[in-house]
Amino acid sequence: METVKFTQMKDGDHEDYAFLTAHEIEYAAGTADRLLAAMVELDKSLSGYKVTRLGHSLQAATRAWNAGADIDWVVSALLHDIGDIYAPYNHDEYAAAIIRPFVREQCAWVVEKHGDFQLVYYGEHVGANPHKRDAFRDNAYFDDCVEFCERWDQASFDPEYATRPLEFFAPMVREVFARRTYDPAIIRTAQREPLSSVALQASRAEFSHPS
Ligand SMILES: [Fe+2]
Ligand SMILES: [Fe+2]
């Protein structure tokens, strides 16, 4: 069997759908590598900054890594702007949709809202509401998104920063996207992890200043 027998989904039988499910599983296993390839595409988007979009993403992830953030945070920082490629007007929601089945709820929420939270830094210059974040004041992850933007997003446009290459983060991306989707032990609804961990930071200290 090389293709299904049907031309309309409603005519498919058990054999057809078992065949398709096997294909889907095989294709889904390549998600991490497709995302890593897409990150390279980010290099071409949004010129005008002192760093490319890929450079910005790598810098955000490097800052997260150096702060002792856990793998969910690091991968979320790396991918937070991946939506720029196909969804320039809701890039935050697009990125969140990609990571949501694989990371803590906290991280997916922060990535989804980071666009609104970032406005506090430049909204007044572009005729947008700098205080759009205020609508989320009551959310349990409000402070996490404030911190994410302040420390890793708005700060990561510095061409002098010792940013790590994509290859450094690739194993982390592969690990996260190899997880069982929507695993409650991963999603950990309503649980917060700090953006920094002194213990993790110390264990990474020897790697934090690449030459
Ligand atoms: Fe963004
Ligand atoms: Fe960003």
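Structure's up top.
Read on for an overview of the structure.

**Digging into the nonpolar core**
In terms of nonpolar packing, the biggest core is built from 48 residues, with Leu78, Leu79, Trp152 and Phe177 touching the most fellow members. Among the elements of the structure, α2 (31-41), α3 (53-66), α4 (71-79), α5 (91-99), α6 (105-126), α7 (142-153) and α8 (166-177) are those that each provide at least two residues to this core. If we skip the residues at most four places from it in the chain, Leu78 touches Met39, Ser57, Leu58, Ala61, Leu166, Phe169 and Val173.

**Focus on the coordination of the iron ion (ligand 2)**
Distances from the iron ion (ligand 2) to its protein donors, His56 (NE2), His80 (NE2), Asp81 (OD) and Asp153 (OD), fall within 2.1 to 2.2 Å. Considering all four donor atoms around the iron ion (ligand 2), angles at the metal cover 83 to 175 degrees and the coordination shape is irregular. On the primary sequence, the residues serving as donors to the iron ion (ligand 2) are separated as H-x23-H-D-x71-D. Between the iron ion (ligand 2) and the iron ion (ligand 1) the interatomic distance amounts to 3.5 Å, and Asp81 serves as a bridging ligand to the pair. Of the two residues, His56 sits in helix α3 while His80 sits in the loop between α4 and α5, which places them 24 residues apart along the sequence. With respect to class, His56 is no different from His80; both count as buried.

**Here's the deal with the pattern of salt bridges**
Counting across every chain of the model gives 18 salt bridges. Between Arg180 and Asp183 there is a salt bridge, with the nearest N and O atoms lying 3.3 Å from each other. Classification of Arg180 by relative accessible area gives exposed; the value is 57%. One network of salt bridges, with partners in common, ties together Lys5, Asp13, Glu15 and Asp16.

Scoring rules and cut-offs
- Residues numbered from 1 in each chain as written.
- Chains lettered and ligands numbered in written order.
- Predicted model: local features only at pLDDT ≥ 70, side-chain atom pairs only at ≥ 80, totals over all residues.
- Heavy atoms only, no water.
- Core = buried A, V, L, I, M, F, W, Y, C linked by side-chain atoms within 4.5 Å.
- Buried < 20%, exposed > 50% of the residue type's maximum accessible area, 1.4 Å probe, protein only.
- Helix = DSSP H or I, 4+ residues; strand = E, 2+ residues; numbered from the N terminus.
- Contact = heavy atoms within 4.5 Å.
- Donors = N, O, S within 2.8 Å, 3.2 Å for Na, K, Ca; no water.
- Tetrahedral: all angles 85-135°; square planar, octahedral: opposite > 155°, others 65-115°.
- Salt bridge = Lys/Arg side-chain N within 4 Å of Asp/Glu carboxyl O.

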